Amino acid sequence: MKIAVGCDHGGLNLKNEIIKHLNSKNIEIKDFGTYTSESCDYPDIAKVVGEKVIEKEFDFGILVCGTGIGVSIAANKIPGIRAALCHDTFSAHATREHNNANILTLGERVVGTGLALDIVDTFLNSTFQGERHQRRIDKIADIEKKYNK
Ligand code: RB5
């Protein structure tokens, strides 16, 4: 499994904890920045990570900002990206099982590191259930097609 990770300055510390955690599990990751606490713009990072996932270079993306909201909104502008903001483990497995989410977003200013790492593990260890959920995802793709002319 290959994971693309990214953050803005508001998510730097949590992203680094996630990288340490995934490294300790020998999960292959690539860090697309930002790398310092200097202020930067979260759409720039969300775009790069989203593109890497949609190009299938990576199985999943993990994006962190202060709230997790900005990176989620930005990544979801890329057709085919289903970025899910999860601050609890129920949402983390439900969004894989039902929405086939391909990016997890987290807010460093919202959740503690321990819970965030549990959310990451839950997300990565859950599987899409297909069937009726695929039909609903196909309808999301139809909306994307309608508005991305
Ligand atoms: C940066 O201050 C903050 O706005 C950003 O990390 C994020 O929370 C945006 O949604």
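Residues numbered from 1 in each chain as written. Predicted model: local features only at pLDDT ≥ 70, side-chain atom pairs only at ≥ 80, totals over all residues. Heavy atoms only, no water.

As recorded in an unreviewed UniProt entry, the chain goes by the name Ribose 5-phosphate isomerase B, listed as coming from Candidatus Sarcina troglodytae.

In this section: the packing of aromatic side chains. Aromatic rings in a pair are described by how distant their centres are and how their planes are angled relative to each other. In this structure the tally under the stated criterion is two aromatic pairs. Judged by centre distance (5.6 Å) and plane angle (85°), the ring pair of Phe32 and Phe58 falls under edge-to-face. Residue Phe32 is located in the loop between β2 (28-31) and α2 (42-54), and its partner Phe58 is located in the loop between α2 and β3 (60-65); the two are separated by 26 residues in the primary sequence. Here Phe32 matches Phe58 in class, with each residue buried. Between Phe60 and Phe123, the aromatic rings sit 5.6 Å apart at their centres with planes inclined by 75°, giving edge-to-face as the arrangement. Here Phe60 is found in strand β3, whereas its partner Phe123 is found in helix α5 (residues 113-124), with 63 residues between them in sequence. Judged on exposure class, the residue Phe60 and its partner Phe123 are both buried. Its guanidinium or amino end placed over the ring of Phe123, Arg96 lies 5.9 Å from that ring's centre, counting from NZ or CZ. (Phe/Tyr/Trp six-rings, centres within 6.5 Å; stacked < 30°, edge-to-face > 60°. Helix = DSSP H or I, 4+ residues; strand = E, 2+ residues; numbered from the N terminus. Buried < 20%, exposed > 50% of the residue type's maximum accessible area, 1.4 Å probe, protein only. Lys NZ or Arg CZ within 6 Å of the ring centre and 35° of its normal.)

Moving on: the site of the ligand. In the neighbourhood of the ligand, the contacting residues comprise Asp8, His9, Tyr42, Cys65, Gly66, Thr67, Gly70 and Arg109. At 2.6 Å from an oxygen atom of the ligand is found a side-chain nitrogen or oxygen belonging to Asp8. In the model, an oxygen atom of the ligand is placed 2.9 Å from a nitrogen or oxygen of the Gly70 main chain. Contact with the protein chains hides 73% of the accessible area of the ligand, taken as 300 Å² for the molecule alone. When its residues are assigned to classes, the shell around the ligand shows two nonpolar, four polar and two charged. (Near = heavy atom within 4 Å. Polar contact = N/O pair within 3.5 Å; in protein donor to acceptor, adjacent residues only side chain to side chain. Areas by Shrake-Rupley, 256 points an atom, 1.4 Å probe, with all protein chains shown as cover. Nonpolar A, V, L, I, M, F, W, Y, C, P; charged D, E, K, R; others polar.)

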